[in-house]
Every structure is written in structure tokens, then in C-alpha cells.
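# Per-entry structural report
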Amino acid sequence: MSLHQEFPLDSSICYLNHAAVAPWPKRTADAVCDFARENTQRGAANYPAWMKVEQTLRNRLAELIGAQSPRNIALQKNTSEGLSAIAYGLNWRAGDTIVITDQEFPSNRIVWESLADKGVTLCEVSLTSASPEHAIIDALDESVRLLSVSSVQYGTGLVLDLDVLGEACSQKGILFCVDAIQSIGALPFNVNQCQADFVVADGHKWMLGPEGLALFYVSDQAMDKLSLNQYGWHMVEDRGNYNVKTWEVAQDAKRFECGSPNMMGAYALNASLSLLLEYGMDNVQRELLSKVAFLEQALIRHNDLELITDTERTRRSGILTFRHRKISSESLYSQLMAQGVICACRGGGVRFSPHFYTPESQLARAVELIPA
Ligand SMILES: Cc1ncc(COP(=O)(O)O)c(C=O)c1O
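These figures come from a predicted structure and were not determined experimentally. (Residues numbered from 1 in each chain as written. Predicted model: local features only at pLDDT ≥ 70, side-chain atom pairs only at ≥ 80, totals over all residues. Heavy atoms only, no water.)

## Here we look at the side chain of D179
Selection rule: Runs of E in the DSSP output that reach at least two residues are strands. Runs of H or I that reach at least four are helices, and both are numbered from the N terminus. Relative accessibility decides the category of a residue: with a 1.4 Å probe and only protein chains considered, values under 20% of the type maximum give buried, values over 50% give exposed, and everything between is partly exposed. For the charge count, each Lys or Arg is scored as positive and each Asp or Glu as negative, with His and the chain ends excluded. Within this document, salt bridges are pairs made up of a side-chain nitrogen of Lys or Arg and a carboxyl oxygen of Asp or Glu, the two lying within 4 Å of each other. The contact rule is simple, with two residues in contact once any of their heavy atoms fall within 4.5 Å.
Structurally, the position occupied by D179 is in strand β6 (residues 175–179). Despite its burial, D179 remains without a salt bridge, the nearest opposite charge being carried by K205 at 8.4 Å. Beyond its immediate stretch of four places on either side in the chain, D179 contacts T79, N108, V149, S150, S151 and V200.

Below is the structure:
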């Protein structure tokens with residue numbers, strides 16, 4: 001595979017913002033163009049073929065997270081929609097507690113805060129201690145029904161040990177929800193190993209897909225714990241049999257998809273995932289971590305920078321966040337963006353997030369553009 005051909009990014013741009021919205025690979029753009037052309041020429045005459053692509057996408061998502069079967073995968077609009085299906089599907093009792101961390105992206109906080117009027121308390125565990133996992137596990141008392149964490153924190157790039165957290169939840173009978181948008185497509189993920197009940201992740205970051213199509217995984221044990229809040233023709237067992245007046249909820253996770261799918265998004269994300277799976281997630285991780293290590297060295301050599309990201313090896317992700325000792329992060333961010341370094345202002349500093357294919361020359365250039 002020629003990465004240069006797969007990622008024909010404009011040479012004036014140094015794209016270090018995969019933790020926000022990723023550029024599409026060429027094959028993804030081709031899949032969408034072909035789909036658009038087919039729509040103009042033949043409409044939906046080939047709908048069965050479209051459904052096969054959608055099924056391939058489910059299979060690929062299942063493979064990417066090590067799920068035993070695509071029956072546990074639903075397609076949702078975004079991470080927030082998936083988290084909302086969980087928050088408003090579980091049967092809360094007054095006095096229940098939900099545990100999150102104090103660094104979560106707003107989607108993994110607001111939805112739980114919204115349950116306050118049901119008598120549900122939210123506990124935010126600080127991630128600043130030497131062992132964030134122990135701090136989280138210490139908070140899992142008898143009132144806790146659900147732990148919901150990001151696998152990688154969006155601001156600092158901190159990686160949590162999901163296996164340790166999942167094991168603690170399983171022993172205590174607590175549901176385990178993972179917002180995995182900052183790791184799937186960047187680092188290998190195994191849903192059985194981490195014993196997650198729910199995994200949610202939009203496709204537009206490390207999975208290199210478009211916005212508006214998200215993975216929603218529900219374990220077999222958790223499936224029936226969620227009541228449904230959206231209904232339609234698509235979420236029933238005998239889908240497509242429009243003349244029958246009786247219906248049953250689909251046995252698999254399609255019960256969370258009430259109507260027509262985002263087929264164009266499915267074509268796009270399916271193409272993006274084909275690239276990641278073809279390259280291999282172990283290779284993606286290895287290349288990404290080597291790019292991040294290269295970037296880290298370049299940042300450290302710059303005397304005026306201070307890393308915010310915890311660079312202990314086990315806590316490495318695709319995110320490096322840093323601040324400048326003399327320039328505010330907002331100002332440095334604007335200066336870099338103006339010079340074509342696409343990055344973000346997050347986690348108290350400037351966040352760089354390359355992907356596995358980002359050339360080292362671009363990483364070096366981005367750091368050279370940071371003033372002394
Ligand atoms: C950890 C995390 N969760 C969720 C989201 C986005 O949620 P959604 O897919 O609902 O737009 C982001 C986006 O930055 C994120 O970093």
C-alpha cells in the first residue's frame with residue numbers, strides 16, 4: 001500500500017488534528033464519488049448491493065474491536081447519540097451513582113448530569129494521581145451502577161488501562177461504558193479483554209471516516225438492560241415485511257437503529273476501515289507511536305516548550321499536548337494554524353495528533369514553526 005497515494009494531502013498543510021476530524025483517505029473519497037455517481041445514474045436500483053456494503057461495515061467494526069459478532073454492533077449518528085441511548089435506556093433508581101473522570105469530553109459528562117432529576121449522582125474522579133485506575137476503582141462503592149470513561153482522554157492523551165477497569169466492574173457487578181473515539185483506529189482495542197458492556201465511537205477521528213456515523217457496541221448481557229427510546233420500521237425483527245401488523249424488537253443491536261441508514265456514510269467509513277484493517281492495527285499502532293515518539297523528542301529539544309501529556313510509555317496515544325513558556329496557547333495555536341499546521345487548543349495547551357501515515361518531515365516542520 002502506498003501511503004503517499006492513500007493520503008494525497010495538500011503539501012502546504014501539516015495535518016496534526018486526527019483527534020478532532022481526520023482527512024479522508026483517497027479510497028474513501030473514491031467510494032463516496034462512485035456512490036454519488038451511481039445515485040445519479042441508477043438511483044437505488046442496486047439497493048441489495050448497498051446493504052452488503054453496510055453489512056461489511058458492521059463486520060469490519062466488529063473485527064476492529066474484537067467483537068465476536070456484528071450482532072452486537074449498531075450504527076448511530078455519533079458518540080453522543082450512543083451515550084444518550086445508554087443513559088436513557090437504563091432503569092435508574094434514586095441513589096444510583098455513575099462514575100466518570102474529571103477530564104472527559106463534554107459528551108461523556110453532560111448526558112450523565114442530565115439524569116440528576118432521577119436522583120442519580122455523578123462522581124468525577126481526578127486523573128492527576130500516579131495511578132488513575134486505582135483512583136477510579138476506589139470510587140466504585142455499592143451505589144455505583146455504571147462507570148463511563150474515555151479510553152484516551154481527548155485533552156491530554158492519557159491512556160486508561162481498560163482491562164483493569166473492566167475487571168473491577170465485572171467483579172463488582174457494575175456496568176462498564178467506554179467512549180473509545182480517541183483510540184479506535186489508532187490503537188488496537190479488544191472488547192472482550194476489557195469486558196466493556198458498551199463501546200461508542202464516532203468514525204471521523206482515528207478511523208478516518210466522515211462525521212455522522214458512529215459505532216455502538218452492546219454486549220449480549222447488556223442488550224436487554226436497555227429500554228428503547230426510538231421506534232420505527234428498521235428496529236424490528238421482521239424488517240421489510242411491511243404488511244404484518246404485529247412486530248417484535250430486533251434481537252440484535254439493530255434494535256437501536258429506528259429508520260433508514262446513513263448509506264453514504266456507510267460507504268465512506270467502510271472504505272476507511274478497509275485501509276486500517278489492510279494495514280493492520282498492530283502496524284498502525286507501531287507506526288503511530290513511533291511518530292509520536294519522534295514528535296515528542298522534537299518538542300523536548302525546543303527549549304521553550306513544556307509537555308502536558310504524560311509521556312510514560314504505557315500511557316502513550318496519538319495525542320501530544322504542550323504549552324509554550326512565553327506564548328499563550330491560544331496565540332500559538334492561531335500562529336500555527338495560519339502557517340498550515342492544523343492542530344487544536346485543548347487540555348490546557350496546543351494539541352498535536354498525527355496519525356500513522358504522517359511523514360516525520362512534517363512533524364519536524366511543525367515543531368520548527370514554533371517560535372522561541
Ligand atoms: C472523547 C470524545 N468523545 C466524544 C467526542 C465527540 O462526540 P460526537 O461523536 O458525539 O460528536 C469527542 C470529540 O472530540 C471526544 O474527544
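## Examining the domain arrangement of the chain
Accessible area lost during the coming together of the parts is what is often quoted as the interface size. What counts, and what does not: An automatic or database domain assignment is the source of the domain bounds shown. Here the quantity called buried area is the accessible surface, traced with a 1.4 Å probe, that two parts lose on coming together, added over both. The term polar contact refers here to a pair of N or O atoms within 3.5 Å; inside protein, the definition further demands a hydrogen-donor-capable atom paired with an acceptor-capable atom, and it admits residues adjacent in sequence only when both atoms are side-chain atoms. The classification used treats Ala, Val, Leu, Ile, Met, Phe, Trp, Tyr, Cys and Pro as nonpolar, Asp, Glu, Lys and Arg as charged, and all other residues, Gly among them, as polar.
According to the domain assignment, the chain contains domain 1 (3–23 + 280–369) and domain 2 (28–278). Centre-to-centre separation of domain 1 and domain 2, based on C-alpha positions: 27 Å. Each side of the interface is counted separately: domain 1 has 33 residues, and domain 2 has 26 residues. Summing both partners gives a buried area of about 2,200 Å² for domain 1 against domain 2, and 62% of it is carried by carbon and sulfur. Seen at the junction of domain 1 and domain 2, the total is one salt bridge. For E133, the salt bridge identified is with R315, shortest N-O distance 3.1 Å. Counting across the interface, domain 1 meets domain 2 through 15 residue pairs in polar contact (both at pLDDT 80 or more). Among the residues making up the side of domain 1 that touches domain 2, the classes are represented as 15 nonpolar, 11 polar and seven charged.

## Side note on the pairing of strand β8 (residues 214–218)
Under the convention used in this document: Two strands make a pair as long as DSSP finds a minimum of two bridges between them.
Within β8, five of the five residues are buried, which leaves it mostly tucked inside the rest of the structure. Strand direction decides the pairing type here: strand β7 (residues 198–202) and β8, joined by five bridges, are antiparallel. The residue of β8 that forms the bridge with D202 is A214.

## A few points about the packing of aromatic side chains
Which entries qualify depends on this criterion: Centres within 6.5 Å make a pair out of two Phe, Tyr or Trp rings, where for Trp the six-membered ring is used; the pair is then stacked when the planes are under 30 degrees apart, edge-to-face when over 60, and tilted otherwise.
For the coordinates displayed, the defined rule picks out 12 aromatic pairs. Look at Y231 and W247: their rings are 6.1 Å apart centre to centre, the planes differ by 65°, and that puts the pair in the edge-to-face class. Residue Y231 is found in the loop between α9 (220–223) and α10 (263–279), and its partner W247 is found in the loop between α9 and α10; the two are separated by 16 residues along the sequence. Between F322 and F352 the ring centres are 4.9 Å apart and the planes differ by 75°, which places this aromatic pair in the edge-to-face class. Of this pair, F322 sits in strand β10 (residues 320–324) while F352 sits in strand β13 (residues 349–352), and the two are 30 residues apart along the sequence. These aromatic residues form a ring-pair network of at least three members: F7, Y279, F356 and Y357.

## So, the layout of surface pockets
As a reminder of what qualifies: Lining residues are those with an atom within 4 Å of a point, where the points come from a 1 Å grid over the protein atoms alone and group into cavities, where a 1.4 Å probe fits but cannot get out, or pockets, open sets with protein on both sides within 12 Å along at least five of seven lines. Grid points are joined across faces, edges and corners, and a volume is the space filled by probe spheres set on the points.
Put simply, the largest pocket is a space of about 480 Å³. Lining of the largest pocket is provided by 21 residues; of these, V159, L160, L162, L187 and P188 occupy positions nearest its centre. When contributions to the lining of the largest pocket are tallied by element, the ones reaching two or more residues are α7 (162–172), α8 (191–194) and α11 (281–301). In the lining of the largest pocket, the residues fall into nine nonpolar, six polar and six charged. When residues of the lining of the largest pocket are assigned to domains, at least three map to each of domain 1 (3–23 + 280–369) and domain 2 (28–278). If you add up the space inside the second largest pocket, you get close to 340 Å³. For the second largest pocket, the lining is made up of 20 residues, of which Q195, A196, D197, S219 and Q221 are closest to its centre. The biggest single contributor to the lining of the second largest pocket is α7, with three residues.

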